[in-house]
Amino acid sequence: DPGNFTENAQGAKIFVDKTYTLREVMVRMITESNNIATNQLIDYMGHDTINQALKAEGFTKTTVGHKLVSDSTYPKSMGAGKNVSTADELTQMMMRIYSFTKESDEEILNALVGQYDLDFGYRALVKEKPNIFWIGEKTGQNSSVIGSTVAFLVGDERYVMTVTIDKSANQGRLRQIIRDTARHVLEHGPLDQKPAPKIARNI
């Protein structure tokens, strides 16, 4: 739908007035961080259906309120709510996918592994092989936050973490946090599961 056009991430290609399968639109949304594909899916599913599905899966703090806009072009029927999530719920989503409890999980994992944007977690961990092995991630960046939910292996154990930095575009710092955390897991085992102090959570 031409009404879903907005600028896309570098390398992302999908064209208005063309026909795509639902699977291709969903895959491009993940592999390319494709804004147009995301907007088309929001139109196809509807905000209410998406939010009801999220709540049914236990993700009570994640909501989709509006379509994506990039540099300057706003899609039609933008929506009036907010797009909200938390680092905890993003991590839980990735853990859920890697549990292979749904038939769709493998489709999503294939898209995550095949994504084009490898500047965050992949670059942070690629030189750590064979001790630490990157297995997939979903990255995100806008004017408010930069972040990644990344899955990696340490030995036979699978780990998932979400790292975000507010009010920053510092990719180098994000990669360093991911790398340091993964090395800590390698050297000392899993992080303490006790809640972090409030000041640490807000950094």
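A count of helical and extended segments in the chain gives 8 helices and 3 strands. Counted from the first residue to the last, the chain has its helices and strands arranged as α-α-α-α-α-α-β-β-β-α-α. Relative to the 2.2 N^0.38 estimate, which gives 17 Å for 203 residues, the radius of gyration of the chain is 17 Å and therefore close to what a compact globule would have. Taken over the C-alpha atoms alone, the chain extends approximately 50 × 35 × 35 Å along its principal axes. The burial tally for the chain puts 36% of its 203 residues in the buried class.

Below, the discussion takes up the confidence of the model for the chain. Looking at the chain, pLDDT values average 89 and 94% of them are 70 or higher. Within the model, the stretch residues 198–203 combines pLDDT values under 50 with 1 contact to residues more than four positions away or in other chains.

Position of Ser99 among the secondary structure elements: in the loop between α4 (87–98) and α5 (105–113). According to the relative accessible area criterion, Ser99 is partly exposed, its value standing at 36%. Through-space distance from the C-alpha of Ser99 to that of Gln115 is 20 Å; in sequence the pair is 16 residues apart. Reaching out from Ser99, the side chain makes a polar contact with the backbone oxygen of Arg96 at a distance of 2.5 Å.

The next thing to look at is a nonpolar patch on the surface. Among the surface-exposed residues, Leu22, Met26, Tyr44 and Met45 lie close enough to one another that they form a single nonpolar patch of about 410 Å² accessible area. Along the chain, the position of Met45 falls in helix α2 (residues 35–45). Residue class for Met45 comes out partly exposed when judged on its relative accessible area of 41%.

Let's shift gears to helix α3 (residues 47–56). For α3, the full list of buried residues reads Ile50, Asn51 and Leu54. Here the buried residues of α3 occupy an arc of 95 degrees about the axis, which is enough to place them on one side. Seen from the open side of α3, the exposed residues pointing more than 90 degrees away from its buried face are Asp48, Gln52 and Ala56. Taken together, the buried residues of α3 touch α2 and α4. Gly58 sits one or two positions beyond α3 and adopts a positive phi of about 95 degrees.

Turning our eyes to something else, we now look at the pattern of salt bridges. Note that side chains of opposite charge can pair when their charged atoms are close. Tallying each qualifying case throughout the model produces 8 salt bridges. A salt bridge links Lys67 to Asp43; the shortest N-O distance between them is 3.0 Å. Of this pair, Lys67 sits in the loop between α3 and α4 while Asp43 sits in helix α2, placing them 24 residues apart in sequence. Residue Lys67 is classed as buried on the basis of its relative accessible area of 1%. In this structure Asp43 comes out as partly exposed when scored by relative accessible area, which is 38%.

Here we take up the side chain of Thr31. Note on placement: Thr31 falls in helix α1 (residues 22–31). Since its relative accessible area comes to 8%, Thr31 is described here as buried. Discounting residues that sit within four places of it in the chain, Thr31 has contacts with Ala111, Gly114, Gln115, Tyr116 and Asp117.

Core analysis: the biggest nonpolar cluster contains 17 residues, and Leu125, Phe152, Leu174 and Ile178 have the highest contact counts within it. Contributions of two or more residues to this core are made by α6 (121–125), β1 (132–141), β2 (145–154), β3 (157–166) and α7 (171–188). Residue contacts for Leu125: discarding those within four places in its chain leaves Ile132, Trp134, Val150, Phe152, Ile178, Arg179 and Ala182. Ranked by size, the runner-up nonpolar core spans 10 residues in total, among them Met94, Ile97, Leu112 and Ala151.

Calculation notes
Residues numbered from 1 in each chain as written. Predicted model: local features only at pLDDT ≥ 70, side-chain atom pairs only at ≥ 80, totals over all residues. Heavy atoms only, no water. Helix = DSSP H or I, 4+ residues; strand = E, 2+ residues; numbered from the N terminus. Rg over C-alpha atoms; globule rule 2.2 N^0.38 Å. Buried < 20%, exposed > 50% of the residue type's maximum accessible area, 1.4 Å probe, protein only. pLDDT = per-residue confidence, 0-100. Contact = heavy atoms within 4.5 Å. Polar contact = N/O pair within 3.5 Å; in protein donor to acceptor, adjacent residues only side chain to side chain. Patch = residues over 30% accessible without salt bridge, like charges linked within 9 Å, V, L, I, M, F, W, Y side chains within 5 Å. Areas by Shrake-Rupley, 256 points an atom, 1.4 Å probe, with all protein chains shown as cover. Salt bridge = Lys/Arg side-chain N within 4 Å of Asp/Glu carboxyl O. Arc of directions from axis to C-beta. Core = buried A, V, L, I, M, F, W, Y, C linked by side-chain atoms within 4.5 Å.

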